[in-house]
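# Residue-level structural notes
Here is how the chains run, residue by residue.
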Amino acid sequence: MSSEARQDGEVRVFSDYTRDFEEDADVVVVGSGPSGSVVAYELAKAGHKVVLIEEGPPFTPQEFRADGNISMARTMREGGLRSTTGTFMPILQAICLGGGSLINSAMCVRPPAFIFDEWSTRYELDHTTRADLDPHYDAVSEFLGIAPTPEDVQGPRNLLFRQGCEALGIASEPVDRNVRGCRGSGECFSGCRARAKQSMDISYIPEAMKFGARVLTSLQVQGVLGEGRRVRGVEGRVVEPFSGRTSHAFRVRARWVVLAAGCMATPVLLQKSGNLANASGQVGQNLQFHPGSAVAGVFPESIDPIFGGTQSYQSLAFLEEGFKLETMWSAPAALAVRMPGVGAELVHRFGELPRTAIWDAIASTHRSLGTVKARFRSLNPVIRWTLHPEDVKVMLRSIHVLAQIFFAAGAEKIMPGVGGLPEEMHSREEAEVLRDYAIRPADLVTASSHVFCTTRMHGDPAQGVVDEEGRCHGYDNLYIADTGIFPRCPSVNPMLTVMALAHRQAQSLAERV
Amino acid sequence: MGGIVLIVLAVFAARRVWLGYPATGAEFAVLAPREEAFLQAAAEALFPPHADLPVSGGQADLPGYADRYLAVLPRRQRTLIRALFALFEHATLLWPGKGRGGFKRFSALSPEQRLGVLRDWQSSSLALRRLCLTALKAILILGYVGHPESLAALELAPWKIDSPRVEADFLYPPIGGHRDQISRVGEPLETAPTAPPLVPGLDQEAP
Ligand SMILES: Cc1cc2nc3c(=O)[nH]c(=O)nc-3n(C[C@H](O)[C@H](O)[C@H](O)COP(=O)(O)OP(=O)(O)OC[C@H]3O[C@@H](n4cnc5c(N)ncnc54)[C@H](O)[C@@H]3O)c2cc1C
Ligand code: SF4
């Protein structure tokens, strides 16, 4: 391998790699999602030599595609078709500079204190209360300009949710988002053409580069180098965007390694690196999600659903019951996919799209656990997960509440999407069947983009992979920053929390490095 | 005797799977004529002509759409989707259409028979069959509802947005391209974008 002398503060893309190469750094960060970007920025700012490695390419607005299938195939792992086995559930995970932040809806939510109290008591985490993390939430919020979605870009479909909640006395609020100058296009899932969303690729990463960070995209890390209590860097191959074809080899030697490759990829990397950091046997275990279920409601008049922040209104009123309610929009054709029926009845339902809103619930399914295991000769994992019957009941309850909110907001009918029940319901009374329905996991059409716990944080090294600062138990210089370190699902959208944890981790790392 | 049975079965399977698909002259990156025929037949059954939308499934070139989608998928996922098409095309051997000739491949059934077959998949007691239909619908609905004429008729045409250029747009070349392809025209925005909220109708693309 040749040693290429590179200038600091640069981004490299696929076409830049013409041969095998090696690099040196103080810190190598693997994965440029919300967690990795915060760590890279904070450490670069503190004066350290940082290399940030990302498997996916950078996207600019010219690269965004409105078509849901094609957009997902370009920006998501396994062409957007990754799913669990056991209980089948599609799961969405990004492969691009900025990770999930490029194609998420920018919802930034701090979990209430009781969530962290549970974390602290169950997982022996003495310094991870909400009060401990608030300064880190504040720092990230200030950097990204996180603020409640203003009224002028809510649009009718978000405000109808508020109206329905108000009519029922359910607390609701505009969503805080990492957005500056939102125009209400509702297209966050395919990338923000208005350049309003402060995804990592346009916020933390360029700022990290100003402090000298080198950002190497289209590199797939395939292994962590190390022996004993110390790791020495990472190695892997150049990977062509979209085709996934690999070519030149690379190695980055570093004094500190931070894995931020996401909750699915990090455990696989550890497993492929000689079962690293797995004295506890917890790597790849304890997998949790926030499975989502959506209800469509049809209103008597057009509600111009295309306009409004993608997910701009929410209710945290049911967190203790185990679910959170949100509004939602995406490419209209992608939303049409949840319309029941075939033939003329299906096409008729498409005709109702201008009058249709979709609201969803994410559930804290603590009882539904799974595993992530490395697949032979592939970094795509085998993901096993089983939805627990008690958790299904919580999800059904969330659908019932959404149905009530729809009717309270004036919907003329809803489509609850529950197998075995009528495809359409026309009144609150009719929707009461949702209250006591003997639901089975297979009755729900669900999906998730929130994944957790596969390298969980635990005060006891025998029960977890990392400590409260994200350092792998038993290792001096190996850290994990992504949502895999959550000890439990956080019950609210995870991006802000993973960034706050990364901010804390970076601060303590900055002192050690 | 066993050998003859095997040969007969092999001939039957080859005829059923590969032969007799008309050449339409359409050129695809991925799709074979048999898949084109299946997709066209499924599109016609799923999305018949309807007053609410200006194009029917048969007119929306869904084979072309599916081909573009398959072309960007990783190999493993592409193979799975193609297997899904083959499953629907030939599962009539197991779950035939109603009436005469119900065992023919899906694309050779009458429009009513095809609709009936899809309804059976939808109401099946097997969750896996329902799931397969959802997957097939997902691919075709995105192409059908996402067709520019459908979107325009539904007042859901895409927004016209002139993306402001931020600092990062001066850093990243087009995917697969070189640094010298980064446009240097103009200056990056120094403050947050200030364009006003979009207005439905006014700021949407014309069909
Ligand atoms: C469609 C969607 C919508 C969402 N909406 C919201 C929302 O509104 N609010 C919210 O809070 N959360 C949301 N989420 C979840 C949120 O985006 C994720 O929780 C968050 O991105 C996790 O950050 P991370 O850094 O842990 O991992 P990721 O964002 O997954 O980043 C990991 C990065 O590592 C890279 N990588 C993986 N393996 C390798 C390797 N071997 N070599 C090099 N690089 C590698 C990946 O390509 C990826 O870019 C959403 C997610 C999705 C997919
Ligand atoms: S709603 Fe539209 S303008 Fe607003 S942040 Fe999302 S993609 Fe950007």
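About the criteria used
- Residues numbered from 1 in each chain as written.
- Chains lettered and ligands numbered in written order.
- Predicted model: local features only at pLDDT ≥ 70, side-chain atom pairs only at ≥ 80, totals over all residues.
- Heavy atoms only, no water.
- Domains from an automatic or database assignment.
- Contact = heavy atoms within 4.5 Å.
- Buried area = accessible area lost by both parts, 1.4 Å probe.
- Salt bridge = Lys/Arg side-chain N within 4 Å of Asp/Glu carboxyl O.
- Axes fitted to C-alpha atoms, helices over the stretch in contact; angles between N-to-C directions.
- Helix = DSSP H or I, 4+ residues; strand = E, 2+ residues; numbered from the N terminus.
- Parallel < 35°, antiparallel > 145°, perpendicular 65-115°, else oblique.
- Nonpolar A, V, L, I, M, F, W, Y, C, P; charged D, E, K, R; others polar.
- Buried < 20%, exposed > 50% of the residue type's maximum accessible area, 1.4 Å probe, protein only.
- Near = heavy atom within 4 Å.
- Polar contact = N/O pair within 3.5 Å; in protein donor to acceptor, adjacent residues only side chain to side chain.
- Areas by Shrake-Rupley, 256 points an atom, 1.4 Å probe, with all protein chains shown as cover.

The next thing to look at is the domain arrangement of chain A. It is common to give the size of an interface as the accessible area lost on bringing the parts into contact. Residue and element names in this part refer to chain A. With domains assigned, chain A is organised as domain 1 (1-78 + 94-106 + 109-145 + 194-283 + 454-513) and domain 2 (79-93 + 148-193 + 288-451). On a C-alpha basis, the centres of domain 1 and domain 2 stand 28 Å from each other. Listed by partner, the interface residues are 50 residues for domain 1 and 50 residues for domain 2. Note on domain 1 versus domain 2: buried area summed over both sides is about 4,500 Å², and carbon and sulfur give 59% of it. Its largest share of buried area at the contact with domain 2, domain 1 owes to Glu78, Ser105 and Met264, together 18% of the area lost on that side. Summed over the shared surface of domain 1 and domain 2, the result is one salt bridge.

Contacts between the two partners involve 71 residues from chain A, matched on the other side by 62 residues from chain B. Roughly 5,600 Å² is buried in total at the junction of chain A and chain B, and carbon and sulfur atoms are behind 66% of that figure. Considering only the side of chain A, the residues that lose the most area to chain B are Asn69(A), Arg183(A) and Val342(A), jointly responsible for 13% of the buried surface there. The partner of Arg76(B) in a salt bridge is Glu78(A), with the nearest N and O atoms 3.7 Å apart.

Here the focus is the packing of helix α2 (residues 33-46) of chain B against helix α6 (residues 127-145) of chain B. Angle between the axes and distance between the axes are the two parameters that describe a pair of packed helices. Residues and elements named next belong to chain B. Two numbers describe how α2 lies on α6: the axes approach to 11 Å, and their chain directions differ by 85 degrees. Relative to α6, the element α2 lies roughly perpendicular. Contacts between α2 and α6 pair Phe38, Leu39, Ala42, Ala43 and Leu46 from the former with Leu136, Lys137 and Leu140 from the latter. Split by residue class, the contact of α2 with α6 holds seven nonpolar, no polar and one charged.

Let us look at unusual backbone geometry. Residues and elements named next belong to chain A. Positioned with a positive phi, Glu78 is a non-glycine residue whose angle comes to about 55 degrees. Checked against the element boundaries, Glu78 lands in the loop between α2 (68-75) and β5 (83-86). Exposure remark for Glu78: the relative accessible area of 10% places this residue in the buried category. The phi angle at Asp304 is positive, at roughly 40 degrees, despite the residue not being glycine. Relative to the elements of secondary structure, Asp304 occurs in the loop between β15 (292-298) and β16 (313-315). Judged by its relative accessible area of 31%, Asp304 is partly exposed.

Residues and elements named next belong to chain A. Lining the immediate surroundings of ligand 1 are 35 residues, of which Ser35, Glu54, Arg77, Gly100 and Met495 lie closest. Contact between ligand 1 and Arg77: an oxygen atom at 2.8 Å from a side-chain N or O atom of the residue. Val221 places a main-chain nitrogen or oxygen 2.9 Å from a nitrogen atom of ligand 1. Relative to its free-state accessible area of 1,000 Å², ligand 1 is covered by the protein chains to the extent of 95%. Elements represented by at least two residues in the shell around ligand 1 include exactly α1 (34-45) and β11 (219-227). Considering every element that reaches the shell around ligand 1, the biggest residue donor is β11, with three residues. Considered class by class, the residues forming the shell around ligand 1 number 17 nonpolar, 14 polar and four charged. Two domains each donate at least three residues to the shell around ligand 1, and these are domain 1 (1-78 + 94-106 + 109-145 + 194-283 + 454-513) and domain 2 (79-93 + 148-193 + 288-451).

Now for the domain arrangement of chain B. Considered domain by domain, chain B is made up of domain 1 (2-153) and domain 2 (158-207). Taking only C-alpha atoms, the centre of domain 1 of chain B and the centre of domain 2 of chain B are 38 Å apart.

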